[in-house]
Amino acid sequence: MKIYEAMLHSTSPYGQGRYHNAPKLERELHDAYEERTCLQKLHTAVDQVYIPPMAFKKCLEETARYMKIQIPGRGKETYTKNFVQGVICNEPLMLGMTPDKCRIEKVFTLSQPSKPQGGRVWKHFPVIDLWEGVLPIWVVDDMITREVLLRHLEIGGQITGIGVWRPHRGGLWGKFKVLELAEHEVEV
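The text that follows walks through the structure, step by step, so that each part is easy to find. Computed from a predicted structure; not experimentally measured.

1. A short note on helix α1 (residues 30-37)
Next, step 1: All buried positions along α1 are accounted for by Y33, E34 and T37. Mapping the buried residues of α1 onto a view down its axis gives an arc of 100°, with all of them on the same face.
Next, step 2: Those residues of α1 that are buried are in contact with β8 (120-128).

And the structure:
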C-alpha cells in the first residue's frame, strides 16, 4: 500500500454547496433565507473551511470512468474499478481560512437541479477564489501506479473538478492543478 501526498493549487474559483436544514424565519422570503444561511453551505471544522475528501475521491472516479484508460496486458479492462475500490481519500484538505473570508456569489439557477423542467431561483454560494493544500491519497491497489494516479489527478483537475458548478456538471469552477505528488510506501 502507498500513500501519496498531492500538493494541489486552484486554477479557478471553488464553490461549496453543502446541504443544511436551517429553518426559515417566520415570513422570510426565499432570497432573504438564501442570503442569511449562505455560509452554512461551507464545510467547516473548528471554524476553518475545508474541502471534503470525498470531493477528490469522486473526482478521480468520474475521471477514470470518462477516460477509460486500458490497463496494459489486461485486454479491454480499464482502471475504473481500481479507482472505485482501490483509492481512499480520508482526510479533508484544510484551507486555513475562516468562513467570513469567502466571497458570496448570487446565481440564477434551477430550483431543483435534478428536475430541469422546474423553475429557476436565485441562490447564494460561498466561493473561494484561491486555495492550495496537500491531499493525502491512500492507494491499496498495486495496479494504480504513481504515473496513473498523477495522470488522473491532472486530467480530473481540469475536466471533472470539485464543488458546485464544476466542469463535470457543465460549469467553470472547481478546477485545480497538481504541483507535486510525493510517494510513501506503507507496510500493512
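After that view, the rundown keeps rolling.
2. A short note on the packing of aromatic side chains
Next, step 1: Enumeration according to the criterion identifies six aromatic pairs in this entry.
Next, step 2: The interplanar angle of 65° and the centroid separation of 6.4 Å between the aromatic rings of Y14 and W131 together place this pair among those described as edge-to-face. With Y14 in strand β2 (residues 14-15) and W131 in the loop between β8 and β9 (132-139), the pair connects residues that are 117 residues apart, well separated along the chain.
Next, step 3: In this structure Y14 comes out as buried when scored by relative accessible area, which is 2%.
Next, step 4: Counting every residue linked through ring pairs, the aromatic cluster contains Y14, F56, W131 and F176.

3. Brief notes about the pattern of salt bridges
One side chain can pair with another of opposite charge once the charged atoms of both are near each other.
Next, step 1: Under the defined criterion, the tally for this structure stands at eleven salt bridges.
Next, step 2: In this structure, the salt-bridge partner of R36 is E28, at a minimum N-O distance of 2.8 Å.
Next, step 3: Residue R36 is classed as partly exposed on the basis of its relative accessible area of 39%.
Next, step 4: Given the relative accessible area of 14%, E28 is considered buried.
Next, step 5: The salt bridge involving E61 is made with K57; its shortest N-O contact spans 3.0 Å. Of this pair, E61 and K57 both sit in helix α2 (residues 53-67), separated by four residues, roughly a single helical turn. Taken individually, E61 and K57 each receive the classification buried, so the pair is uniform in this respect.
Next, step 6: A single network of salt bridges, built from pairs that share partners, joins K57, K58 and E61.

Criteria and thresholds
Residues numbered from 1 in each chain as written. Predicted model: local features only at pLDDT ≥ 70, side-chain atom pairs only at ≥ 80, totals over all residues. Heavy atoms only, no water. Buried < 20%, exposed > 50% of the residue type's maximum accessible area, 1.4 Å probe, protein only. Helix = DSSP H or I, 4+ residues; strand = E, 2+ residues; numbered from the N terminus. Arc of directions from axis to C-beta. Contact = heavy atoms within 4.5 Å. Phe/Tyr/Trp six-rings, centres within 6.5 Å; stacked < 30°, edge-to-face > 60°. Salt bridge = Lys/Arg side-chain N within 4 Å of Asp/Glu carboxyl O.

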